[in-house]
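Observations on chain architecture
Each chain is listed here by its residues.
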Amino acid sequence: MIFRSVRARLALWHTAVLAVLLTGFALTAYVFLERSTAARAEDYLASAAAGFVTDLAAERTDAPSDSAAIESAASEFRVRDLGVLIFDHEGRRIADGSGGLLRTSTSPARKRHRSAESEPALDTERLRQAVMQSVAPKTREFTLPDAEGGYRVSLLLVQLRSGLYRVAMVESRHAEDETLQEARLACMIAIPVMLFAAGVGGYFLAKRSLAPVAVISE
């Protein structure tokens, strides 16, 4: 009876130590995944916004007006899964362009599933309000939240001849949020299974380790 109690305690301590190590490792890996994914997405979005502004400046040299240059640059915007909306200083949407984001509410990740669910569509009115509240600095990144991760926005203020314009480059975070959810689910399933296996294995290892002591005691 004494040796059974000792075996159980050794197995319990072994499982507890492993639980701390696995939980710490899972949290660290998840935080790293979340931050690295967000950093790459933000860099990609910011570079796309800067590229659009460059194209807009090139269009402005040939176009007869600012509105014509904006419409031309927006119509030629073809970056996959990104959308761009341009507002004037009064909050009116002058033009928009999309590589697919503004024309569909279903992400490529969800299309791969048999029972694809519709994502929350981009609320352009909420976006307009958020954009118009931004007066400084010249560049700003923020997230427009919704029930499934929201939309990441990179906002640039562009001064043209007829006034100040706001260029909002938009990217869906729904697929990113779904990937993070899958990572959390994997950790929630894998850690208990590994701890159970470690507990059972630790109990039998303790039994074998204490077998000589039990023989000597008898």
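About the cut-offs
- Throughout, residues of each chain are indexed from 1 in the direction in which the sequence is written.
- In keeping with the predicted nature of the model, local features appear solely for residues at pLDDT of at least 70, side-chain atom pairs appear and are counted solely at 80 or more, and the whole-chain, interface and lining totals rest on all residues.
- The basis for every side-chain value is the complete set of heavy atoms in the structure, and neither hydrogens nor water enter the calculation.
- Put simply, DSSP H or I for four residues or longer makes a helix, DSSP E for two residues or longer makes a strand, and each gets a number counted from the N terminus.
- Note on exposure labels: buried denotes an accessible area under 20% of the residue type's maximum, exposed denotes more than 50%, and partly exposed covers the range between, all computed with a 1.4 Å probe on protein chains only.
- In what follows, residue pairs with any heavy atoms lying within 4.5 Å of each other are defined as contacts.
- Within 3.5 Å is the distance limit for a polar contact, defined as a pair of N or O atoms, with the added protein rule that one can donate a hydrogen and the other accept it, and that residues adjacent in sequence qualify only through two side-chain atoms.
- Directions pointing from the helix axis toward each C-beta atom define the arc.
- Two strands are said to pair when DSSP picks up at least two bridges between them.
- Per-residue confidence from the predictor is given as pLDDT, running between 0 and 100.
- Definition used for salt bridges: Asp or Glu carboxyl oxygen within 4 Å of a side-chain nitrogen of Lys or Arg.
- Simply put, an axis is a line fit to the C-alpha atoms, just over the touching stretch for a helix, and the angle between two N-to-C directions goes from 0 to 180 degrees.

Some details on the overall build of the protein
Within the protein, the secondary structure is distributed over 5 helices and 5 strands. Shown N-terminal to C-terminal, the secondary structure of the protein runs as helices and strands in the order α-α-β-β-α-α-β-β-β-α. Looking at the protein as a whole, 39% of its 218 residues qualify as buried. Counting only contacts in the protein whose residues sit at least 6 apart along the sequence, the fraction spanning at least 24 positions is 56%.

As for the environment of Arg-152
Here Arg-152 shows up in strand E4 (residues 151–160). Here Arg-152 falls in the buried class, since its relative accessible area comes to 4%. Taking C-alpha positions, Arg-152 is 6.1 Å from Phe-142, a pair spaced 10 residues apart along the chain. Leave out the neighbours within four places in its chain, and Arg-152 touches Ala-38, Ala-41, Glu-42, Leu-45, Phe-142, Thr-143, Met-169, Val-170, Glu-171, Arg-173 and Glu-176. A polar contact of 3.2 Å, which involves the side chain of Arg-152, links it to the side chain of Glu-176.

Remarks on helix H2 (residues 66–75)
When we look at burial in H2, the residues that qualify are Asp-66, Ala-69, Ile-70, Ala-73 and Ala-74. Along the axis of H2, the buried residues cluster in a sector spanning 125°; they form a single face.

Focus: the pairing of strand E2 (residues 93–98)
Pairing analysis gives 5 bridges linking strand E1 (residues 82–87) to E2, with the strands arranged antiparallel. The residue of E2 that forms the bridge with Val-84 is Gly-97. Between E1 and the antiparallel strand that follows it, E2, lie 5 residues; Gly-91 among them carries a positive phi value of about 90°.

A look at the environment of Ala-121
With respect to the helices and strands, Ala-121 occurs in the loop between helix H3 (108–111) and helix H4 (124–132). The spacing of Ala-121 and Ser-172 is 51 residues in sequence and 9.5 Å in space, taken between C-alpha atoms.

Some thoughts on the confidence of the model for the protein
This prediction gives the protein a mean pLDDT of 82; 83% of its residues lie at or above 70. Of all secondary-structure elements in the protein, the lowest mean pLDDT belongs to H3, at 42, while E1 reaches the highest, 92.

Digging into the pattern of salt bridges
Under the definition given, this model contains 8 salt bridges. With its nearest N and O atoms 2.1 Å apart, the salt bridge here joins Arg-60 to Asp-66. For Asp-66, a relative accessible area of 4% translates into the label buried. Where Glu-90 meets Arg-92, a salt bridge forms, and the shortest distance between an N and an O atom there is 3.3 Å. With a relative accessible area of 49%, Arg-92 lands in the partly exposed category.

Side note on H4
For H4, the full list of buried residues reads Leu-127, Ala-130 and Val-131. Viewed along the axis of H4, the buried residues span an arc of 100°, placing them on a single side of the element. Its side-chain oxygen at 3.2 Å from the backbone nitrogen of Glu-125, Asp-123 defines the N-terminal cap of H4.

Here's the deal with the sheet that holds strand E5 (residues 163–172)
Ordered by their spatial adjacency, 5 strands build an open sheet running E2-E1-E5-E4-E3, and the pairing between neighbours is antiparallel. Looking at the sheet topology across the chains shown, the edges are occupied by E2 and strand E3 (139–144). Along the sheet, successive strands turn relative to each other by an average axial angle of 20°, direction set aside. Of the strands in this sheet, E1, E2, E4 and E5 touch H2, which is tilted by about 20° from E2. Strands E1, E2, E3, E4 and E5 of the sheet are contacted by H4, whose axis makes an angle of about 145° with E3.

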